[in-house]
Each structure stands twice: as C-alpha cells, then as structure tokens.
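Report on the structure
One letter stands for each residue in the lines below.
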Amino acid sequence: MSTESHIIMDEMAIRRALTRIAHEILEHNNGIEGCVLAGIKTRGVFLAKRLSERLESIEGNPIPWIELDVTSYRDDLSVQERGTERAEYAVPVQNKKVILFDDVLYTGRTIRAAMDAIMDAGRPESIQLAVLVDRGHRELPIRPDYIGKNVPTSKAEEIEVLLEEKDGSDQVRILQQRGEQ
C-alpha cells in the first residue's frame, strides 16, 4: 500500500481563508470586544495566533487568546492516559465569547473535549467554532461557525495540515491509500 497526496490548500489559500474567517468573526460579533480565541493544541494554537494577528491588524486592538490542551478531556483515552489535571488559563473565559479554533473538524470529539475544558474554566457567554478544514463524518452534533474550506472526504482519506511553525511550510493535503498493482 502506498499513499498518494494532493495539495488542496497552499500558503496563499490558507492566508486567504484566515483573512475571511477574521472578517466573518468581526461581522458576527460586531468587533472583538468580549471575545477570546482558544487554539486547540497543536496546530489550532498556531492558527489562533495567526487569526489574532489578523484581527488586531483589522481592528487595531489585540484579542486575547489561550492555548487549549484537551488531552485530559478526551473520551478515547483511559483515565490513566488522560490524567486528571485540569487547565487554568491566563485569560478568563467567564462571560466571554470564546472562539475555538482547530485545524481539521472530523468526528467532533476533539471539539466536545475542548468545550468541556472551557466550561471547567468558567461559564462563557457563548462558544463559537472556527476550523481551517471541515472534512465531514461527524459522530456528534457539532457544526462550525467559521470554515476555511469544506472538503468532503471518504473515511479512507486523511487530511494533513502542515504549518510553517511546526512543519516548515504551509499547506493542506488530502492523503489516499493506494493498493499496490
């Protein structure tokens, strides 16, 4: 079996998607007052930081952001693997509009874990969801508010997001397993 990949978003497409998402967030929330960005580790953190910079360049004011590690909230790990440590954030979420950001939305389970982590830290006014790529196949009733790109996939396909900060380049690829001939 070999893997075939196709680039579906290059650096420019990612940049444009983040700019569009920034404008949609501003329009939906009438600015950034009372908003907090929450990037889901790992690549969601880098995307949230980039989005924060875009929003600040448009609005002229910084938007606070936090890094979410949802490991201890995942439902696919045993209690021993998860641990019981609960996160505390430097930026309060109580009565804020929290905008979660993740790289790929698939089953929705990571987002459920992120919402649990946010709710443990306080009661936000609302939680919104931004994703770079929505690939479908939800197992939970979760829908993003802001989407960089919809990419309908089969369960045999995979979406791989590469970001400069971690991988040395910006691109989104779709990977397909190919049988040997």
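Residues numbered from 1 in each chain as written. Predicted model: local features only at pLDDT ≥ 70, side-chain atom pairs only at ≥ 80, totals over all residues. Heavy atoms only, no water.

Per an unreviewed UniProt entry, the protein carries the name Bifunctional protein PyrR and comes from Fontibacillus phaseoli. Reading the Catalytic activity (unreviewed entry) entry of the UniProt record for the protein gives the comment "UMP + diphosphate = 5-phospho-alpha-D-ribose 1-diphosphate + uracil". (UniProt positions renumbered as here; feature names shortened; annotations may be inferred.)

1. A few points about the UniProt feature "short sequence motif: PRPP-binding" (unreviewed entry) in the protein
On the UniProt side, "short sequence motif: PRPP-binding" (unreviewed entry) is annotated at positions that read residues 98-110 here. Counted over residues 98-110, helix gives 15% and strand 62%. Its end C-alpha atoms are 16 Å apart. (Helix = DSSP H or I, 4+ residues; strand = E, 2+ residues; numbered from the N terminus.)

2. Structural notes on the sheet that holds strand β6 (residues 146-150)
Whenever strands of a sheet pair, they do so through backbone hydrogen bonds, lying parallel or antiparallel. Pairing in this open sheet of 5 strands is parallel, and the strands run β3-β2-β4-β5-β6 from one edge to the other. Single-partner strands in this sheet number two, and they are β3 (65-68) and β6. Sheet twist, expressed as the average angle between the axes of neighbouring strands with direction ignored, equals 25°. Note: strand β4 (residues 97-105) against strand β5 (residues 126-134), 8 bridges, orientation parallel. Bridged to Ile 99 within β5 is Gln 128. Of the strands in this sheet, β2 (35-40), β4, β5 and β6 are in contact with helix α1 (residues 11-29), which crosses β6 at around 150°. Contacting β2, β3, β4 and β5, helix α2 (residues 43-59) crosses the sheet at an angle of about 150° to β2. (Pairing = 2+ DSSP bridges. Axes fitted to C-alpha atoms, helices over the stretch in contact; angles between N-to-C directions. Contact = heavy atoms within 4.5 Å.)

3. A few points about α1
For α1, built from 19 residues, the straight-helix expectation of 27 Å at 1.5 Å per residue is met to within 8% by its first-to-last C-alpha distance of 27 Å. Inspection of α1 places Ala 13, Ile 14, Ala 17, Leu 18, Ile 21, Ala 22, Ile 25, Leu 26 and Asn 29 among the buried residues, and these make up the whole buried set. Between a side-chain oxygen at the N-terminus of α1 and the backbone nitrogen of Met 12 the separation is 3.2 Å; the capping residue is Asp 10. Following α1 by one or two positions, Asn 30 has its phi on the positive side, about 55°. (Expected span 1.5 Å × (residues − 1). Buried < 20%, exposed > 50% of the residue type's maximum accessible area, 1.4 Å probe, protein only. Polar contact = N/O pair within 3.5 Å; in protein donor to acceptor, adjacent residues only side chain to side chain.)

4. A closer look at the side chain of Asp 102
Structurally, the position occupied by Asp 102 is in strand β4. Despite its burial, Asp 102 pairs with no opposite charge; the closest candidate is Arg 43, at 8.6 Å N-O. (Lys, Arg positive; Asp, Glu negative; His and termini not counted. Salt bridge = Lys/Arg side-chain N within 4 Å of Asp/Glu carboxyl O.)

5. A look at the environment of Asp 75
Mapped onto the fold, Asp 75 is located in the loop between β3 and α3 (79-82). Sequence separation of Asp 75 and Ala 113 is 38 residues, and the distance between their C-alpha atoms is 7.7 Å.

6. Overview of the pairing of strand β8 (residues 171-178)
Relative to β8, strand β1 (residues 2-9) runs antiparallel, the two sharing 7 bridges. In the strand pairing of β8, Ser 2 is matched with Arg 178. One ladder, built from 6 bridges, connects strand β7 (residues 157-162) with β8; its direction is antiparallel. Considered in β8, the bridge of Glu 157 is made with Gln 176.

7. So, the sheet that holds β7
Spatially, 3 strands are ordered β1-β8-β7 in an open sheet, and the strand pairing comes out antiparallel. This sheet does not close on itself; its edge strands, each paired only once, are β1 and β7. Here the average twist between neighbouring strands, direction ignored, is 30°. Sitting on the sheet, α1 is in contact with β1 and β8, with an inclination near 50° to β1.

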